[in-house]
Amino acid sequence: MTDQLFTIPLWADLTAVGLGGVQGALFASGFRGQRRLDLLGVALIGTVMGLGGGLIRDLLLAVRPSMLSNNWYLITAVAAALVGMLLAGPLRRVNSLIVVLDALVIGLFGAFGTVKALALGVPLVPAVFVGICAAVGGGILRDVIMGLPVAIMHVGSLYAVAAGAGCVLLVVLHAFGIDYIVSGFAGFALTAVIRILAVVFDLSLPEQRMLYRR
Amino acid sequence: MTDQLFTIPLWADLTAVGLGGVQGALFASGFRGQRRLDLLGVALIGTVMGLGGGLIRDLLLAVRPSMLSNNWYLITAVAAALVGMLLAGPLRRVNSLIVVLDALVIGLFGAFGTVKALALGVPLVPAVFVGICAAVGGGILRDVIMGLPVAIMHVGSLYAVAAGAGCVLLVVLHAFGIDYIVSGFAGFALTAVIRILAVVFDLSLPEQRMLYRR
Amino acid sequence: MTDQLFTIPLWADLTAVGLGGVQGALFASGFRGQRRLDLLGVALIGTVMGLGGGLIRDLLLAVRPSMLSNNWYLITAVAAALVGMLLAGPLRRVNSLIVVLDALVIGLFGAFGTVKALALGVPLVPAVFVGICAAVGGGILRDVIMGLPVAIMHVGSLYAVAAGAGCVLLVVLHAFGIDYIVSGFAGFALTAVIRILAVVFDLSLPEQRMLYRR
């Protein structure tokens, strides 16, 4: 069964890690001053957002985390977090970039999580669960570490909904025999589009709104 | 050694998951309005309470979580959380049901956690530890996700005491050669009875009291 | 390759567990009254600090936690936490003991985490990451469980810096072919010295300062 042989290409995984790191550092930079996040804290949040989704996915699947398998995951995440910190100054008000990056990252981690679970022989329903956890896990880790109320629990469950829709589409396509690349891309795209549309139609960015309200 | 062959029957595990899901959703429903837990949040808390104990047990034991092994764990937990949400309206004031369910769930997760650890060759003392973590883990996860002070750390350590007493009884009986079914049932019963007696004699429901006080 | 055969001696691991347990209970005792940590809570925090670092290390490495491999880890941690509680009365104002113990514990967990990762075949960069997580993990677990802001995120990132410096030294020495005992001791010593010097020159004990400020 070729299922067992499928692995996510390293460049794709590192792309998700890099985008997550940039987004996390941009997000955390908006906080400076209010809660005394120092530069190292911002870099750490960026790194957590870059690596958290994959780490939670691998912990759930009880396999050695892919971020421990070679040096590039950590280097990419830390470098991306630094890039995010540098961009944070000029881009402070350009929230749309944060939103788009966020949508891409959720979509990528959701799709990769679901695909890896399926490839390891996990049934359809828990594979969707792993995908959702991978998609929202970085954000939950961030909120717990920063001592914020976990965003996903309040107001903005659209995160989980967007991730869930994409992961369900992925497993349904996979169940009909469509290969991982096509079904994975479809799941990624659906999640990202739902997230972006939700923002465009002002259903959301609830997380950011909530934070600014405080 | 037959130890290595013993597995908890699926129906028993799913019973614990279902009761945990109902109890978690009932508990979380009492919150609505105060902290803006939307319906999806209540469902999520119910699901976390149904699956959290088993998940923590399996993460500690470094085995693939049983909830990923087939589709029924997640379906049971989500369905139970929905049942809990439906019951929450009529039963809002019937705290005794929440208490009894809570006692049963702690007892079941404690016993299953200890038995699974023993069956995997874990020695007696850490097997009790795994049982206690499985019993109280769902509640800790819930508190962390909801941003509450972790109940077990304050006031109501009776949770851990009740779970610990049952798990110790279980490993002692097991050490005397009594099989898993009898010793597991004895451990479950002791934990549940201690929890219920604690409430009857007003030593407790400290968690709920604390929450209402806020 | 002898790498794969290297294991940390039990007595060394138990020393780290014991020092961590004493330090954690001393630290938690300073809280009594303010947040209603009962005695069982103090014992629990001590135990978490004794076992948390090793547990996080082993979860990351996806191996069965060493604390589940025999009875002595838990017995040592609980006994150490009780010793810490007994010492807390006479020593309440002797902060320097807490600081020194803290530095030793961070150094030990950092070195053991890095060595175990290297011995399991993890590359250099993620091995440093595992070491840092093992060093600061107990403290993060404690803060999350106690509902405190995670100390490492604010003000005093010197924790992570001290741990990181020691772990980097360790992997560099190891890469030059120096054996685990010498390189591990060098890494441990560097971390502990940085922590203690930071306190002596008043760069720190930021965690404690922050807590007293509340």
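The rules behind the values
Residues numbered from 1 in each chain as written. Chains lettered and ligands numbered in written order. Predicted model: local features only at pLDDT ≥ 70, side-chain atom pairs only at ≥ 80, totals over all residues. Heavy atoms only, no water. Helix = DSSP H or I, 4+ residues; strand = E, 2+ residues; numbered from the N terminus. Areas by Shrake-Rupley, 256 points an atom, 1.4 Å probe, with all protein chains shown as cover. Phe/Tyr/Trp six-rings, centres within 6.5 Å; stacked < 30°, edge-to-face > 60°. Lys NZ or Arg CZ within 6 Å of the ring centre and 35° of its normal. Disulfide = S-S within 2.5 Å. pLDDT = per-residue confidence, 0-100. Contact = heavy atoms within 4.5 Å. Expected span 1.5 Å × (residues − 1). Bend = angle between axes of the 7 residues up to and from the residue. Buried < 20%, exposed > 50% of the residue type's maximum accessible area, 1.4 Å probe, protein only. Patch = residues over 30% accessible without salt bridge, like charges linked within 9 Å, V, L, I, M, F, W, Y side chains within 5 Å. Salt bridge = Lys/Arg side-chain N within 4 Å of Asp/Glu carboxyl O. Axes fitted to C-alpha atoms, helices over the stretch in contact; angles between N-to-C directions. Parallel < 35°, antiparallel > 145°, perpendicular 65-115°, else oblique. Left-handed = near helix turned anticlockwise from the far one by under 90°. Nonpolar A, V, L, I, M, F, W, Y, C, P; charged D, E, K, R; others polar.

A word on the overall build of chain A. Counting its secondary structure elements, chain A contains eight helices and zero strands. Element order for chain A, N to C, with α for helix and β for strand: α-α-α-α-α-α-α-α. Total accessible area on chain A stands at roughly 8,400 Å², and carbon and sulfur atoms take up 73% of it.

Applying the stated rule across the entire model yields three aromatic pairs over all chains. Against the face of phenylalanine 27 of chain C rests arginine 142 of chain C, its NZ or CZ located 4.0 Å from the ring centre.

Going through the model one piece at a time under the given rule, you end up with zero disulfides over all chains. The cysteine cysteine 133 of chain A is free of any disulfide, with cysteine 167 of chain A supplying the nearest cysteine sulfur at 9.5 Å.

Residues and elements named next belong to chain A. For chain A, mean pLDDT is 81; residues scoring 70 or higher make up 80% of the total. When pLDDT is averaged over each element of chain A, helix α6 (residues 158-175) comes out on top at 91 and helix α8 (residues 206-213) at the bottom at 37. Below a pLDDT of 50 lies the segment residues 204-214, which in the model reaches 29 contacts outside its immediate sequence neighbourhood of four places, other chains included.

Residue and element names in this part refer to chain B. Between its first and last C-alpha, helix α5 (residues 124-146) extends 33 Å over 23 residues, near the 33 Å set by a 1.5 Å rise per residue. The sharpest bend along α5 comes to roughly 45°, located at valine 136. Most of α5 sits out of view: 17 of its 23 residues are buried.

Attention shifts here to a nonpolar patch on the surface. Residue and element names in this part refer to chain A. A cluster of nonpolar side chains, Val168, Val172, Phe176, Ile178 and Val182, forms an exposed patch at the surface whose accessible area comes to about 450 Å². Within the element layout of this structure, valine 172 appears in helix α6. Classification of valine 172 by relative accessible area gives partly exposed; the value is 37%.

Attention shifts here to the packing of helix α2 (residues 39-61) of chain B against helix α4 (residues 95-119) of chain B. Residue and element names in this part refer to chain B. Contact geometry for α2 and α4: axes closest at 10 Å, N-to-C directions at 20°. In terms of orientation, α2 and α4 fall into the roughly parallel class. Crossing of α2 against α4: the hand is right-handed. Note on element contacts: α4 touches α2 through Phe109, Phe112, Gly113, Lys116 and Ala117, opposite Met49, Gly50, Gly53, Gly54, Arg57, Asp58 and Leu61.

All told, the structure shown has twelve salt bridges over all chains when counted by the stated rule. Residues arginine 195 of chain B and aspartate 102 of chain B are paired through a salt bridge, measuring 3.5 Å at the closest nitrogen-oxygen approach. With arginine 195 of chain B in helix α7 (residues 180-200) and aspartate 102 of chain B in helix α4, this residue pair connects regions lying 93 residues apart in the sequence. The pair formed by arginine 195 of chain B and aspartate 102 of chain B is uniform in burial state, with each residue classed as buried. What emerges from the salt-bridge pattern is a single network uniting Asp13, Arg57, Asp58 and Lys116 of chain A.

A positive phi angle, near 55°, is found at alanine 62 of chain A, a position not held by glycine. Looking at where alanine 62 of chain A falls in the secondary structure, it is placed in the loop between α2 (39-60) and α3 (72-91).

Moving on, we come to helix α4 (residues 95-119) of chain A. All names here are of chain A. Its 25 residues give α4 an end-to-end C-alpha distance of 36 Å, which sits within 8% of 36 Å, the value for a rise of 1.5 Å per residue. Of all 25 residues making up α4, 20 are buried, and the element is well covered by its neighbours. At the C-terminal side of α4, glycine 121 shows a positive phi close to 90°.

Turning to the side chain of aspartate 58 of chain C, a few remarks are in order. All names here are of chain C. With respect to the secondary-structure elements, aspartate 58 resides in helix α2 (residues 39-60). Residue class for aspartate 58 comes out buried when judged on its relative accessible area of 1%. In this structure, aspartate 58 is in contact with Val63, Arg64, Pro65, Ser66 and Lys116, ignoring residues within four places of it in sequence.

Residue and element names in this part refer to chain B. As for its placement among the helices and strands, alanine 25 is situated in helix α1 (residues 10-29). With relative accessibility at 0%, the residue alanine 25 sits in the buried group. Note: C-alpha distance between alanine 25 and isoleucine 98 (73 residues apart in sequence) is 9.9 Å. Those residues in contact with alanine 25 that lie beyond four places of it in its chain are Val42, Gly46, Ala81, Gly84 and Met85.

A word on the packing of α2 of chain B against α5 of chain B. All names here are of chain B. Between α2 and α5, the least distance of the axes is 8 Å, while the angle of their chain directions is 135°. Regarding the angle of α2 to α5, the classification is oblique. Where α2 crosses over α5, the two elements pack in a sense that is right-handed. Across the interface between the two elements, Ile45, Val48, Met49, Gly52, Gly53, Ile56, Arg57, Leu60 and Leu61 of α2 pack against Phe129, Val130, Cys133, Ala134, Gly137, Gly138, Gly139, Leu141, Arg142, Ile145 and Met146 of α5. Partitioning the contact of α2 with α5 into residue classes produces 13 nonpolar, five polar and two charged.

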